[in-house]
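Notes for the structure review
Chain residues, written in single-letter form:
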Amino acid sequence: MSNTSLVSSIVNHLCQLSLHQNDLPASQLLSEEKRLSRIHEALEQLKYFENAEHIDITIAAHGLISLHTGDINQQPSPTTVATYLRNLFPNTLQIMDKKNADQKVRTMMAPWTYGNAEFLQLEIDTLFKQEWLLAGHISSLKENGSFITFHALGERVIIVKGNDGVIRGFHNVCRHRGSRLARTEQGTFRKSIVCPFHGWTYNLDGSLKNIPAEDSFKKINKQQYGLVSVDMEIWHGFVFFRFSGDGPTVAQQLAPVEAHIAPYRFEEMIPATKMNRETVPVNWKTIHDIDNEGYHVPIGHPGLHDLFGREYYDEKIKGLSCSFGHVQEKLSRNWSVARYQNLLPHFDHLPDNKQRLWFYVGLFPNLVFEAHPDGAEFYMTLPVSTDRTLYISQSFTLPKSNRQSKAAAYLSRRINRQVGFEDASYVGWIQEGLTSSVFPESTLSSIESGVSDFHQQIQKRIPVGSFDTSPSKGSMQAINKILLS
Ligand code: FES
Ligand SMILES: [Fe+2]
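Residues numbered from 1 in each chain as written. Chains lettered and ligands numbered in written order. Predicted model: local features only at pLDDT ≥ 70, side-chain atom pairs only at ≥ 80, totals over all residues.

Considerations on the sheet that holds strand β8 (residues 208-210)
Note the cut-off: Criterion used throughout: strands pair if DSSP finds at least two bridges between them. Only runs of H or I of at least four residues qualify as helices and only runs of E of at least two qualify as strands under DSSP, and these elements are numbered from the N terminus. Axes here mean lines fitted to C-alpha atoms, for a helix over just the part in contact, with angles spanning 0 to 180 degrees between N-to-C directions.
Taking strand neighbours across the sheet as the criterion, the 3 strands line up as β6-β7-β8 in an open arrangement whose pairing is antiparallel. If you trace the sheet from one side to the other, it starts and ends with β6 (192-194) and β8, each paired once. Averaged over all neighbouring strand pairs, the angle between strand axes comes to 35°, with direction disregarded. Bridge analysis of β6 against strand β7 (residues 201-203) gives 3 bridges, and the strand direction is antiparallel. Directly across from Ser-192, in β7, lies its bridge partner Asn-203.

Side note on the sheet that holds strand β4 (residues 167-171)
Spatial strand order, β4-β3-β2-β5: 4 strands in an open sheet with antiparallel pairing. Strands with a single pairing partner mark the edges of an open sheet, and in this sheet they are β4 and β5 (186-188). Taken over all neighbouring pairs, the strand axes of this sheet differ in orientation by 20° on average, direction set aside. Note that strand β2 (residues 146-152) and strand β3 (residues 155-161) share 6 bridges and pair antiparallel. From the neighbouring strand, Ala-152 faces β3, where its bridge partner is Glu-155.

Some remarks on the domain arrangement of the chain
Using the following cut-off: In this entry, domain limits derive from an automatic or database-based domain assignment. Two residues qualify as being in contact provided that their C-beta atoms, derived from the backbone, are within 7 Å of each other. Basically, the charged four are Asp, Glu, Lys and Arg, the nonpolar ten are Ala, Val, Leu, Ile, Met, Phe, Trp, Tyr, Cys and Pro, and anything else, Gly included, counts as polar.
Its domain assignment divides the chain into domain 1 (3-100), domain 2 (107-129 + 255-485) and domain 3 (132-244). For domain 1 and domain 2, the distance between their C-alpha centroids amounts to 49 Å. Each partner contributes residues to the interface: domain 1 has 9 residues there, and domain 2 has 11 residues. Broken down by secondary-structure element, the contributors of at least two residues to the side of domain 1 that touches domain 2 are α1 (3-18), α2 (32-50) and α5 (90-100). The greatest single-element share of the side of domain 1 that touches domain 2, amounting to 4 residues, is contributed by α5. Along the lines of polarity and charge, the residues of the side of domain 1 that touches domain 2 split into 2 nonpolar, 5 polar and 2 charged.

Now the structure itself:
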């Protein structure tokens, strides 16, 4: 029996026990003592599910059996009993209501999911710690010994190219006392990784090579103290890692857009900008609430709208959120946009239908790739707290581009920078609205279906996200577990 149906049967059982017993056949009559002890037992279980230490079971049991006092011939109705239980165990009963209503999924999650630290922890544990995260691009890992790092979500990771040319990922945490191993965001190790604290030394494949004053440690088996690895995947030159989880690979997830992506040659690209890392004062979801719909483009991004005209649309390709924008010939009044429209050269490596196309694809939960004829870029979000998010982005171009493509790439970055400024305002204003008492919760047009898809994907993984109000403090994990069972 699943936990939820167990809870449900406990409540039904309590309804039966609390009813006046005069009408029951003799075979079903219980002694008062037995009845009370069964009520106690059931209430104890509900208390366990509710995680509610403050409830006194004896008082709760007396309350339950006295619901029919006053008129001994009047039975308390199951509704009265259920209302009584609902007051005592709101979260547990809310779960049952949800299950009974076939676990209704909300179009958009309620505003409480943006400001609740326990919910954020579930998002981190369930989404970020179990999905592929982007660490960088292979262009930063050319030589053996070169490394890049990732530092977010309370974790540190190092991606390093071994002496055998293999790229591996490890926790950037020394096995001795937990110091970070790489001091900088990226760089090159000579032949091994030397911990800056006491000098434990690791080979580039993560194995432990040397411990200074090894004799001073009691019987240490060096083979057991290699760096702790993380799963790795390289997709079109982009380096991904995963802390845990066994879901599909990045390549499998992005297979539906493989034909759209392949011609751009991401794997050959080089950075056009440094990796930009900034912490923004919003919940991570608000950023994707904006980028998951193109309804705001005509008004919210006048320059971008001029670039594409009506030739912009969002499309779901086998579950992936994609957008297509075709650069129109009619020149914009915006300087950067008009220059870009004017000088966009022919790109020999691209088919005709991509010569003037901007293509966007999102990888759930936190990453967006953007491909232009003149280059590519990505941006991703990593939660820091409920109202702070690490926003990381970088632009790339193909090496040996001619002057015209370089100028086009410069202009496309300029256009995107303006779009970024505009979006930052909208994201901030949505964030502000979330704490308002009149925040509109699900007024979405069909053009904004990407927003509800994003919210529903989260609710699928974290079903407690479908609650209208937040469960009481301390109960979130347990409730979510019950819902998943
Ligand atoms: S923490 Fe790394 S050598 Fe001590
Ligand atoms: Fe936008």
